[in-house]
Amino acid sequence: MGYARACSVALVGVEGVVVEVQADLEPGVAAFTLVGLPDKSLVESRDRVRAAVVNSGAEWPQKKLTVGLSPASVPKSGSGFDLAVACAVLGAAERLDPAAIADVVMIGELGLDGRVRPVRGVLPAVLAAAEAGYEYVVVPEQTAGEAALVPGISVLGVRSLRQLIAVLCDEPVPDESAEGRGRPDAMLAGLMVPGSLGAGLAPASARGEGHTPDLADVAGQLRPRRALEVAAAGGHHLLLSGPPGAGKTMLAERLSTVLPPLTRQESLEVTAVHSVAGILPPGEPLVSRAPYCAPHHSATMQSLVGGGNGMPRPGAVSLAHRGVLFLDEAPEFSGKALDALRQPLESGHVVVARAAGVVRLPARFLMVLAANPCPCGRHTLTGAGCECPPSVARRYQARLSGPLLDRVDLRVEVEPVDRADLLEQGGRGEPTAVVAARVREARARAAERLTGTPWTTNSEVPGHELRTRLLAAPGALAAAERDLERGLLTARGLDRVLRVAWTVADLRGAPRPEAHDIAVALELRTGIQRGAPMEPVEAGAL
């Protein structure tokens, strides 16, 4: 009787669980039994592994073979267990030393010819292995760079099972030359979901001929540009409303370019989600820029917050983690889909419960809503010929529920661009580089102020802290208190006004919000113009 074990990782959402792959050989009729709650693709590994072992020059044991995946109560899915199953079988058959593979985590799919194919979710799988105390991991060669992002763990990238057997047995490693030069590598097909890239996961203008969206492309629009800067500096959600063609989509597409680069921890979080979802581009193992996700208005609730058959998969709110979620034509989204965003907007994560299990997915994003005033979009234009009755316009605007809008910090009307701004250079605003520099400085001030707390941006600070420890200047809240008494602000709205006021103060380098900052925050929050100048004001000018 022979016994050996290896290790692999089962992914539950974007979190990994280390699985022990045990192989047991007993005398009897040759058979291969796989137990431990496998799914269909994992059950089929019996045929893949047998063919891969034989085609790699090793002998398949002609005995009763039982392979168990422990813990058996955790659902296992995908083909990433193939490599661990093959090595466990070879260890039980004494082709490999069982002690050499007992504490090695192996992730990869096997082809019938013995080649090791890459799979999705390598980064979260290796992170789970490192947290469990494992020091060695074997992954497909194409994903070795992704696995190497995890510190404190040794990564071996292999191209075939034959190579891995040679390494484990201290034999000469065969040279597996890459095939198909001059055409796309078919081995990378398992890393990406077909159609995932270019489908709302990057600004449309950035997918053209290498043009990077720049704020200088936007003509006029001083107030919306200022709101965009405040949103980026503090992480505040934004609503852009106005007629078609005013520039709402252009502004939203340029928001991700204004956001500062991701920190190391944020990059690992975003890369893990994108790796599981199958949208991590080959050759780019680490996402360093804020993601941008713009789903179509026909998107279902499951595609927004996560779901699907079996274990839930990340939705748009998770793909936009640490980045921008842009909902164009927001009133056209279904009411259930929009209201499902309330919980992740507050908590920064989404909990999806299905029959197969409960998954917690990260979802701390900056939401931008774009909406027309009525179905035809010309309701606010004078002499534009809007034929929508007032009741129809009200019903259209009411599709964005009050509880959802109460979680939006900034509400800005985007007016049509006039001829002077559109055709003359005088209407061009500051480029992205200038605005991004101010945003980085404002975020640095906020991070320094919030040192020692679990928060890094103003939008994350609880209202209790803003009313007790992080106080505004004396008398600065008079206008906000009047709006609260009149019912123009809710208690949550007052907290969000304070957060925006701190961001406005950070942008101008002030130590705390003054009355001017509160006025700007109120104007951006309520949409009611109060005469507060939108251009940056120096601290010494007040």
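As shown above, the structure is provided for reference.
Residues numbered from 1 in each chain as written. Predicted model: local features only at pLDDT ≥ 70, side-chain atom pairs only at ≥ 80, totals over all residues. Heavy atoms only, no water.

Trainee: Quick question: what am I supposed to make of helix α7 (residues 161-168) here?
Mentor: The α-helix advances 3.6 residues per turn, and as a result positions three or four apart in sequence lie on the same side. Buried within α7 are the following residues: L161, Q163, L164, I165 and A166. One or two steps after α7, the chain reaches D170, where phi turns positive at roughly 55 degrees. (Buried < 20%, exposed > 50% of the residue type's maximum accessible area, 1.4 Å probe, protein only. Helix = DSSP H or I, 4+ residues; strand = E, 2+ residues; numbered from the N terminus.)

Trainee: Teacher, can you tell me more about unusual backbone geometry here?
Mentor: Where the residue is not glycine, phi is negative for most of them; where a peptide bond is considered, it is trans in most cases. With omega at 5 degrees, the peptide bond leading from S70 into P71 counts as cis. Counting through the fold element by element, P71 comes out in the loop between β4 (64-70) and α3 (82-92). A positive phi angle is found at R322, which is not glycine, with a value near 65 degrees. Inspection of the secondary structure puts R322 in the loop between α13 (316-319) and β12 (324-327).

Trainee: Help me understand the pattern of salt bridges in this model?
Mentor: By the definition in use, this model includes 28 salt bridges. As a salt-bridge pair, E20 and R5 come within 3.2 Å of each other at their nearest N and O atoms. You can see E20 sitting in strand β2 (residues 15-26) and its partner R5 sitting in strand β1 (residues 2-12), a full 15 residues away along the chain. A residue is classified by how much of its surface remains accessible, and R5, at 26% relative accessible area, is partly exposed. Look at the salt bridges and you will find they share partners, linking E346, D406, R407, D409, R492, R496 and R525 into a network. (Salt bridge = Lys/Arg side-chain N within 4 Å of Asp/Glu carboxyl O.)

Trainee: Is there a simple way to explain a nonpolar patch on the surface in this structure?
Mentor: Together, L156, V167 and V173 give the surface a local cluster of nonpolar side chains, amounting to about 210 Å² of exposed area. Structurally, the position occupied by V173 is in the loop between α7 and α8 (222-234). (Patch = residues over 30% accessible without salt bridge, like charges linked within 9 Å, V, L, I, M, F, W, Y side chains within 5 Å. Areas by Shrake-Rupley, 256 points an atom, 1.4 Å probe, with all protein chains shown as cover.)

Trainee: Which parts of the structure should I look at to understand the state of the cysteines?
Mentor: Simply put, disulfide is the name for a covalent bond between the sulfur atoms of two cysteines. Throughout the structure, instances matching the rule amount to zero disulfides. Free of any disulfide, C169 has its nearest neighbouring cysteine sulfur in C87, separated by 9.5 Å. C374 forms no disulfide, and the closest cysteine sulfur to it belongs to C376, at a distance of 3.4 Å. The exposure class assigned to C374 is buried, which follows from its relative accessible area of 0%. (Disulfide = S-S within 2.5 Å.)

Trainee: How should the packing of aromatic side chains be read in this particular structure?
Mentor: Two numbers describe a pair of aromatic rings. These are the distance of the centres and the angle of the planes. Under the criterion given, the structure shown has two aromatic pairs. Ring geometry for F32 versus W60: centroids 5.7 Å apart, planes at 40 degrees, classification tilted. With F32 in strand β3 (residues 31-35) and W60 in the loop between α2 (45-55) and β4, the pair connects residues that are 28 residues apart, well separated along the chain. The burial state of F32 is the same as that of W60; both residues are buried. Measuring from ring centre to ring centre gives 6.4 Å for Y292 and F326, while their planes differ by 35 degrees; the resulting arrangement is tilted. Pair noted here: Y292 is in strand β11 (residues 292-293) and F326 is in strand β12, with a separation of 34 residues, a long-range link. (Phe/Tyr/Trp six-rings, centres within 6.5 Å; stacked < 30°, edge-to-face > 60°.)

Trainee: Mind showing me how you'd approach the packing of helix α19 (residues 432-449) against helix α22 (residues 491-507) here?
Mentor: A pair of packed helices is captured by two measures, namely the crossing angle of their axes and the spacing between those axes. Where α19 contacts α22, the two axes come as close as 8 Å, and the packing angle between them is 120 degrees. When the axes of α19 and α22 are compared, the crossing they make is right-handed. Contact residues: R438, A442, R445, A446 and R449 in α19; W502, D506 and L507 in α22. For the contact of α19 with α22, the per-class residue count stands at four nonpolar, no polar and four charged. (Axes fitted to C-alpha atoms, helices over the stretch in contact; angles between N-to-C directions. Left-handed = near helix turned anticlockwise from the far one by under 90°. Contact = heavy atoms within 4.5 Å. Nonpolar A, V, L, I, M, F, W, Y, C, P; charged D, E, K, R; others polar.)

Trainee: Help me out: how do you make sense of the environment of V126 in this one?
Mentor: Checked against the element boundaries, V126 lands in helix α5 (residues 122-131). For V126, a relative accessible area of 0% translates into the label buried. As for V126 and V150, which are separated by 24 residues in sequence, their C-alpha atoms are 7.0 Å apart. When sequence neighbours within four positions are dropped, the list of residues in contact with V126 reads I107, V137, V139, A147, V150 and I153.

Trainee: I would appreciate a short explanation of the side chain of S160 in the present structure.
Mentor: As for its position among the elements, S160 is in the loop between β9 (154-158) and α7. By relative accessible area, which is 2% here, S160 ends up buried. When sequence neighbours within four positions are dropped, the list of residues in contact with S160 reads G114, R115, V116 and E176.

Trainee: Looking at this structure, I do not really get the packing of α3 against α7. What am I missing?
Mentor: Where α3 meets α7, the closest approach of the two axes is 12 Å, and the angle between their N-to-C directions is 50 degrees. Of the possible angle classes, the one that applies to α3 and α7 is oblique. Taken as a pair, α3 and α7 cross one another with a handedness that is right-handed. Residues L83, A86, C87 and L90 of α3 touch α7, and the partners they reach there are L161, L164, I165 and L168. Partitioned by chemical class, the residues of the contact of α3 with α7 number eight nonpolar, no polar and no charged. (Parallel < 35°, antiparallel > 145°, perpendicular 65-115°, else oblique.)

Trainee: So what exactly am I meant to see when it comes to the side chain of S275 here?
Mentor: Within the secondary structure, S275 sits in helix α11 (residues 264-277). Looking at S275, its side chain comes within polar contact range of the main-chain nitrogen of G121, at 2.9 Å. Ignoring sequence-local partners within four residues, the contact set of S275 consists of R120, G121, V122, L123, P124, E146 and L280. (Polar contact = N/O pair within 3.5 Å; in protein donor to acceptor, adjacent residues only side chain to side chain.)

Trainee: It is not clear to me how the environment of V317 should be interpreted in this structure. Could you clarify?
Mentor: Within the element layout of this structure, V317 appears in helix α13. With 11 residues separating them along the chain, V317 and G306 place their C-alpha atoms 7.8 Å apart.

Trainee: Help me out: how do you make sense of the pairing of β4 in this one?
Mentor: Every other side chain in a regular strand lies on the same face of the sheet, so the side chains alternate between the two faces. Sheet analysis places β2 next to β4, joined by seven bridges and oriented antiparallel. Across the sheet, A23 pairs through a bridge with V67, a residue of β4. (Pairing = 2+ DSSP bridges.)

Trainee: What's the story with the sheet that holds β12 in this structure? I'm lost.
Mentor: Picture the strands of a sheet paired through backbone hydrogen bonds; they go either parallel or antiparallel. The parallel open sheet is built from five strands, whose spatial order is β11-β12-β15-β10-β16. Single-partner strands in this sheet number two, and they are β11 and β16 (410-413). As judged from the four bridges shared by strand β10 (residues 238-241) and β16, these two strands associate in the parallel manner. Within the sheet, the bridge partner assigned to L240 lies in β16 and is V412.

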